[in-house]
Amino acid sequence: MTRPRFRFPDGFHWGAATSAYQIEGSPLADGAGPSIWQRFAHTPGMMANGDTGDIACDHYHRYKADVQLMRALGLQGYRFSINWARVLPEGTGRVNPKGLDFYSRLVDELLENGIAPNATLFHWDLPAALDDRGGWLNRDVAHWFAEYAEVMFKALDDRVPRWATLNEPWVVTDGGYLHGALAPGHRSKYEAPIAAHNLMRASGAGIQAYRAHGKHEIGVVFNIEPKYPHSDSAEDLAATRRAHAYMNQQFADPALLGSYPPELKEIFGDAWPEFPADDLKLTHQKVDFVGINYYTRAVVKHDPNAYPLKAVPVPQPNKTYTETGWEVFEQGLTDTLTWFKERYGNIPLYITENGSAFYDPPVVENGELDDPLRTNYLRKHLKALHDAIEAGVNLKGYYAWSLMDNLEWSLGFSKRFGLYHVDFATQQRTPKASAKLYAQVIESNGSVL
Ligand code: LGS
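To start, this report covers the structure provided alongside it. Given the structure is predicted, the values throughout are model-derived calculations rather than measurements.

Procedures and definitions
Residues numbered from 1 in each chain as written. Predicted model: local features only at pLDDT ≥ 70, side-chain atom pairs only at ≥ 80, totals over all residues. Heavy atoms only, no water. Helix = DSSP H or I, 4+ residues; strand = E, 2+ residues; numbered from the N terminus. Rg over C-alpha atoms; globule rule 2.2 N^0.38 Å. Buried < 20%, exposed > 50% of the residue type's maximum accessible area, 1.4 Å probe, protein only. Contact = heavy atoms within 4.5 Å. Areas by Shrake-Rupley, 256 points an atom, 1.4 Å probe, with all protein chains shown as cover. Lys, Arg positive; Asp, Glu negative; His and termini not counted. Charge placed at Lys NZ, Arg CZ, Asp CG, Glu CD. Near = heavy atom within 4 Å. Polar contact = N/O pair within 3.5 Å; in protein donor to acceptor, adjacent residues only side chain to side chain. 1 Å grid on protein atoms, 1.4 Å probe; cavity = no way out; pocket = protein on both sides within 12 Å on 5 of 7 lines; lining within 4 Å. Sits in = over half its atoms within 2 Å of the grid points. Nonpolar A, V, L, I, M, F, W, Y, C, P; charged D, E, K, R; others polar. Pairing = 2+ DSSP bridges. Axes fitted to C-alpha atoms, helices over the stretch in contact; angles between N-to-C directions. Parallel < 35°, antiparallel > 145°, perpendicular 65-115°, else oblique. Left-handed = near helix turned anticlockwise from the far one by under 90°. Salt bridge = Lys/Arg side-chain N within 4 Å of Asp/Glu carboxyl O.

In this section: the overall build of the protein chain. Summing up its helical and strand segments, the protein chain has 16 helices and 13 strands in all. Whereas a compact globule of 449 residues would reach a radius of gyration of roughly 22 Å, the protein chain reaches 21 Å, a difference of no more than 12%. Summarising its shape, the C-alpha atoms of the protein chain cover approximately 60 × 55 × 45 Å along the three principal directions. Here the protein chain holds 449 residues, and the buried ones make up 62% of them. Within the protein chain, counting contacts between residues at least 6 apart in sequence, those at least 24 apart form 77% of the total. Total accessible area on the protein chain stands at roughly 16,800 Å², and carbon and sulfur atoms take up 52% of it. Positive and negative side-chain charges in the protein chain, numbering 44 and 54 respectively, have mean positions lying 2 Å apart.

Set out below in structure tokens:
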């Protein structure tokens, strides 16, 4: 019998991902401190439809049933994040045992169901108490993060085989410190590079703490969006290079090469600081893997009025766009992975997020919900992933975003990325057609593709 065209290598790891603020609800329960997202979501005008994470998917109370949803898909791994302020309500110092216990119970439940936990320490919900002390702008944040990381490693590394320090530091600084659409809502080209640098110092300090207290694997998760020039004019090529350095290298270079790409000084001008040289030793720690979140690409053209990049994305005619306005472009996933290998070497890679928001029929009929566009997106991207493996990329696994519909940050509940549909009035979960496809993919290790 011939081997099915899209069968994945034996041992390829199949999972799904979520994050704390997006699904848990009860953000202040059992002695937790507020996070910057709790504050931001309660600031009038910041969230679409006034949505908040107060209830979200009520996963804080429903985690056992949610682990059964994972099991029904046949998931081998589950990527979730820890809300720092549940565990350390003030961000440093006093540990809240009830907060820690929630994650300990979740991890036990996963293991009892044969699902490997993959824990992200920071998925955007910084303790508000630390924001009051300057947050990512205060150099001490690297020590605060390492202290928190050490608490988590001591409590859970006996049961958690895979950790990540940060999720998408680019989004934190671009959305949180440069353009202000995400918490903590600042808009400053002077602050953004400092926040970015301190995020990577914190990641490095967290990895150092892991080498002292952990025995398994730790890495970091970056969003990568390949950039293609709109034309071959010198201006558009330079704009593409800047956009690529800004989004795809600003964080990966200090982490994996111990340097910054020169384009950053071009982009930020006098706002790009001289950092102490030793900082790049701290950011440059050995990682056991890198997680890549892939959603879309950008075709880029020069625009002198675009702040501060002088580059803008160009909409592509006759292409499918998701409800969040992102082009469906699966070739970009293959390109991203091969680029990453060329630039940073043969580090083990995971796709830690990939998925799409499309309009879903609001009514679940006979327990079924058909989502052909999401199903199509999933199928195409898994094939593109297989192409990358054939091209020699050291790819270990894939986590779909997301296990279930959830709070899409400041876009609220209107954008649905889930494999499971969530009725937010009743908390009823229903598998979409895409969930059924994914279960078959896992069961056949890709052969059904
Ligand atoms: O829910 C988030 C997902 C959804 O789409 C998740 O928490 C994040 O880690 C991640 O950022 N997520 C996400 N990213 C897509 C980014 C695409 C950016 C395209 C920008 C075009 C203007």
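Okay, the site of the ligand next. In the region of the ligand, 14 residues are neighbours, and Q22, H123, E168, E353 and E408 sit closest. Here W401 contributes a side-chain N or O atom positioned 3.4 Å from an oxygen atom of the ligand. Protein coverage of the free-state accessible area of the ligand, which is 530 Å², stands at 77%. More than half of the atoms of the ligand fall within 2 Å of the grid points belonging to the largest pocket. Here the shell around the ligand is built from residues that sort into 6 nonpolar, 4 polar and 4 charged.

This next bit is on the sheet that holds strand β6 (residues 227-229). Spatial strand order, β6-β8-β9: 3 strands in an open sheet with mixed pairing. Strand pairing shows two members of the sheet lacking a second neighbour, β6 and β9 (311-313), which therefore form its edges. Strand-to-strand twist of the sheet, defined as the mean angle between neighbouring strand axes without regard to direction, takes the value 40 degrees. Alignment of strand β8 (residues 298-302) against β9, held across 3 bridges, turns out to be antiparallel. Counterpart to H302 in the pairing with β9 is A311. Across the face of the sheet, helix α10 (residues 234-249) comes into contact with β6, β8 and β9 while running at roughly 125 degrees to β8.

Packing of helix α15 (residues 372-390) against helix α16 (residues 433-444) leaves a shortest axis separation of 8 Å and a crossing angle of 25 degrees. Judged by the inter-axis angle, α15 sits roughly parallel to α16. In this structure, the crossing between α15 and α16 has a hand that is right-handed. Counting all contacts with α15, which are made through R374, T375, L378, R379 and L382, the residues of α16 involved are A433, S434, L437, Y438 and V441. Counted by class, the contact of α15 with α16 contains 6 nonpolar, 2 polar and 2 charged residues.

Before going further, it helps to spend a moment on the pattern of salt bridges. In the structure shown here, the tally under the stated rule is 32 salt bridges. Measuring nitrogen to oxygen at the nearest pair gives 2.6 Å for the salt bridge that ties R416 to D405. With R416 in the loop between β11 (395-401) and β12 (420-423) and D405 in the loop between β11 and β12, the pair connects residues that are 11 residues apart, well separated along the chain. Accessibility expressed as a relative area gives 18% for R416, which makes it buried. The class for D405 is buried, based on a relative accessible area of 0%. One network of salt bridges, with partners in common, ties together D360, D371, R374, D405, R416 and K432.

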